Amino acid sequence: MYNMVKMLHSYWAYLVLIILVIAVVNSIVRKAGNKEYEAKDFRIALFTLIVSHIQLLLGLILYFVSPRFSLFSESGMGEIMKNSVDRLYLIEHPLVNIIAIALITIGYSKHKKKLLSEAKFKTLAVFYTIALVLVLSRIPWSTWLA
Ligand code: HEM
């Protein structure tokens, strides 16, 4: 179970990063070019929301089935916070990514309520860019790409 979810979460992360980068670039370029908001723009924003929510679900399952999770009862919070690797996997990575996915969700629903194309692109650009920076800041790069 653990290995399967870990593999899924690990590969799904490529999809999350690719679609999130596409969504950010698309919203910035189309806002800068004063373009009209089209069905394609909506599809990119929606697809980013769905893909990131699936990653959230996989991450939550992984969190509780991971052998690392038992560190909470074995060593306690104090020891986890002292070890930078345990802190990254058990605290920083999950927390920061949950915030990032919450921002994607808020940005998505806010942009839908805006009437003007410019306002829609601006909302997406702001929320999705912050989310992308947060996600990138807490990926365990050394183990993921090893
Ligand atoms: C956009 C959101 C996320 C992305 C892009 C992402 C990406 C990744 C990547 C690339 C890894 C390393 C996998 C490997 O070493 O093969 C990882 C590990 C992990 N992620 Fe996420 N993640 C996200 C959200 C979450 C969330 C929300 C949680 C928990 C609530 C979570 C829990 C974990 C755990 C527990 C591991 C460590 C697995 C282990 O080595 O035992 N992730 N994540």
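These numbers come from a predicted model, not from an experiment. (Residues numbered from 1 in each chain as written. Predicted model: local features only at pLDDT ≥ 70, side-chain atom pairs only at ≥ 80, totals over all residues. Heavy atoms only, no water.)

Before going further, it helps to examine the coordination of the iron atom of the ligand. Taken together, His 9 (NE2) and His 93 (NE2) make up the full set of protein donors to the iron atom of the ligand, lying 2.0 Å away. For the iron atom of the ligand, the six donor atoms in the first shell make angles of 86 to 179° at the metal, a pattern classed as octahedral. One end of the pair, His 9, is in helix H1 (residues 2-32); the other, His 93, is in helix H5 (residues 84-113), and 84 residues separate them in sequence. The exposure class of His 9 is buried, given its relative accessible area of 15%. Of the residues examined, His 93 reaches a relative accessible area of 18% and is grouped as buried. (Donors = N, O, S within 2.8 Å, 3.2 Å for Na, K, Ca; no water. Tetrahedral: all angles 85-135°; square planar, octahedral: opposite > 155°, others 65-115°. Helix = DSSP H or I, 4+ residues; strand = E, 2+ residues; numbered from the N terminus. Buried < 20%, exposed > 50% of the residue type's maximum accessible area, 1.4 Å probe, protein only.)

Within the structure, the ligand sits among 23 residues, and Tyr 2, His 9, Ser 10, Tyr 89 and His 93 are positioned closest to it. A distance of 2.8 Å separates a nitrogen atom of the ligand from a polar side-chain atom of His 9. At 3.5 Å, a side-chain N or O of Ser 66 approaches an oxygen atom of the ligand. For the shell around the ligand, the elements supplying multiple residues, two or more each, are H1, helix H2 (39-65), H5 and helix H7 (141-144). Of the residues contributing to the shell around the ligand, the split by class is 14 nonpolar, eight polar and one charged. (Near = heavy atom within 4 Å. Polar contact = N/O pair within 3.5 Å; in protein donor to acceptor, adjacent residues only side chain to side chain. Nonpolar A, V, L, I, M, F, W, Y, C, P; charged D, E, K, R; others polar.)

We now examine the UniProt feature "transmembrane region" (unreviewed entry) in the protein. When the UniProt feature table is mapped onto this chain numbering, "transmembrane region" (unreviewed entry) sits at residues 12-32, 44-65, 88-109 and 121-141. End-to-end, the C-alpha atoms of residues 12-32 are 30 Å apart, and along that stretch the chain is 100% helix and 0% strand. Regarding residues 88-109, the helix share stands at 100% and the strand share at 0%, and the terminal C-alpha atoms are separated by 30 Å. (UniProt positions renumbered as here; feature names shortened; annotations may be inferred.)

This part is about a nonpolar patch on the surface. Together, Met 7, Tyr 11, Tyr 14, Ile 18, Ile 22, Leu 136, Trp 141 and Leu 145 line one region of the surface with nonpolar side chains, adding up to about 800 Å² of accessible area. When residues of the nonpolar patch are assigned to their parent elements, the largest contribution, five residues, is made by H1. Judged by its relative accessible area of 34%, Trp 141 falls in the partly exposed class. (Patch = residues over 30% accessible without salt bridge, like charges linked within 9 Å, V, L, I, M, F, W, Y side chains within 5 Å. Areas by Shrake-Rupley, 256 points an atom, 1.4 Å probe, with all protein chains shown as cover. Salt bridge = Lys/Arg side-chain N within 4 Å of Asp/Glu carboxyl O.)

Along the chain, Lys 120 falls in helix H6 (residues 117-137). If we skip the residues at most four places from it in the chain, Lys 120 touches Tyr 37, His 111, Lys 112, Lys 114 and Leu 115. (Contact = heavy atoms within 4.5 Å.)

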